[in-house]
Amino acid sequence: MAKKMTPNQNKKSSGRGSKSGKSSRVSKPEKVYINRWYPRDEKVFNKFADSPILTRQDLHEHVKDKRIRDYEREGYVEKCLDRRTESEYFKLTDKGRDLCKEKYDREPGVFHSYKHENGIRELYNTLNEDTKRDVMSELEIQETAVRYWKACQTSADEDIRQRGYDMEHAYKRGDISTCDFGILKVNFETLEVEQAEFYEVITPSYTKGDISAKHEFANSFGGSIITSTVR
């Protein structure tokens with residue numbers, strides 16, 4: 001005769017899920033806070049490319065607090081607090097920098113210190129909207145300058161060719177140095193510099209040589225430079 005099983009024995013033998021009788025849980029997918037990108041987002045990240053830090057007020061020109069919070073939740077932007085001034089500001093994370101490069105074809109400037117970057121932000125905000133649309137970050141100016149020097153070095157004109165070598169060597173020696181941001185437009189077919197306007201924020205750590213190298217960079221392109229000193 002078959003032996004009857006007690007209710008507890010029957011419950012144990014009919015366990016569901018894993019061998020231990022515990023049910024396996026499926027983890028929920030991470031919540032996505034940004035499903036679509038809009039023109040206003042492009043304006044925000046273009047502004048971040050030009051100015052390494054932005055305030056909430058700067059961002060409010062294009063987006064509201066919820067969108068700013070979504071940038072943070074998605075890991076594109078980091079909210080920070082300057083310990084000396086207790087000022088709130090936002091800067092790009094590595095993921096945000098990658099977004100600028102991959103989605104908007106921009107090479108953002110690099111964060112060095114709050115004092116310097118806030119100086120850039122304030123100087124940038126003095127520009128009119130037409131100028132802002134053409135502004136390039138320091139890294140973008142550097143890339144264009146190097147490309148120009150290399151192009152000059154392949155010219156059939158000996159003077160232009162020598163100029164390309166001279167400028168590149170001066171850059172490597174530190175005699176000229178790329179400015180914080182600005183506009184550098186070059187016609188690579190004629191090797192003509194069409195526009196060269198540069199901006200530099202000078203902090204107490206700058207030496208006379210540092211300042212001179214910024215001015216010489218602008219002069220080498222026949223351009224202008226506007227400086228702003230922060231203390």
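Only a predicted model underlies this, so the values are computations on that prediction, with no experimental measurement involved. (Residues numbered from 1 in each chain as written. Predicted model: local features only at pLDDT ≥ 70, side-chain atom pairs only at ≥ 80, totals over all residues. Heavy atoms only, no water.)

Peer 1: Is there a simple way to think about the sheet that holds strand S3 (residues 88-92) in this case?
Peer 2: In spatial order, the strands read S1-S3-S2; together these 3 strands make up an open sheet with antiparallel pairing. Of all strands in the sheet, those with a lone pairing partner are strand S1 (53-54) and strand S2 (77-81), marking the two edges. Relative to S3, S1 runs antiparallel, the two sharing 2 bridges. Looking at the pairing, Leu 54 lines up with Phe 90 of S3. (Pairing = 2+ DSSP bridges. Helix = DSSP H or I, 4+ residues; strand = E, 2+ residues; numbered from the N terminus.)

Peer 1: How do you make sense of the nonpolar core when you look at a structure like this?
Peer 2: Soluble globular proteins tend to bury their nonpolar side chains together. Formed by 20 residues in total, the largest nonpolar core has its most connected members in Tyr 148, Trp 149, Leu 184, Phe 198, Phe 217 and Phe 221. Secondary-structure elements contributing two or more residues to this core are helix H8 (138-152), helix H9 (158-173), strand S5 (181-187), strand S6 (192-202) and helix H10 (208-220). Of all the elements, H8 adds the most residues to this core, at 6 residues. Excluding residues within four positions of it along the chain, Phe 221 makes contact with Ala 145, Tyr 148, Trp 149, Arg 163, Met 167, Leu 184, Val 193, Ala 196 and Phe 198. Tyr 76, Val 77, Phe 90 and Cys 100 belong to the second largest nonpolar core, which has 16 residues in total. (Core = buried A, V, L, I, M, F, W, Y, C linked by side-chain atoms within 4.5 Å. Buried < 20%, exposed > 50% of the residue type's maximum accessible area, 1.4 Å probe, protein only. Contact = heavy atoms within 4.5 Å.)

The analysis is restricted to geometry; functional conclusions fall outside its scope.
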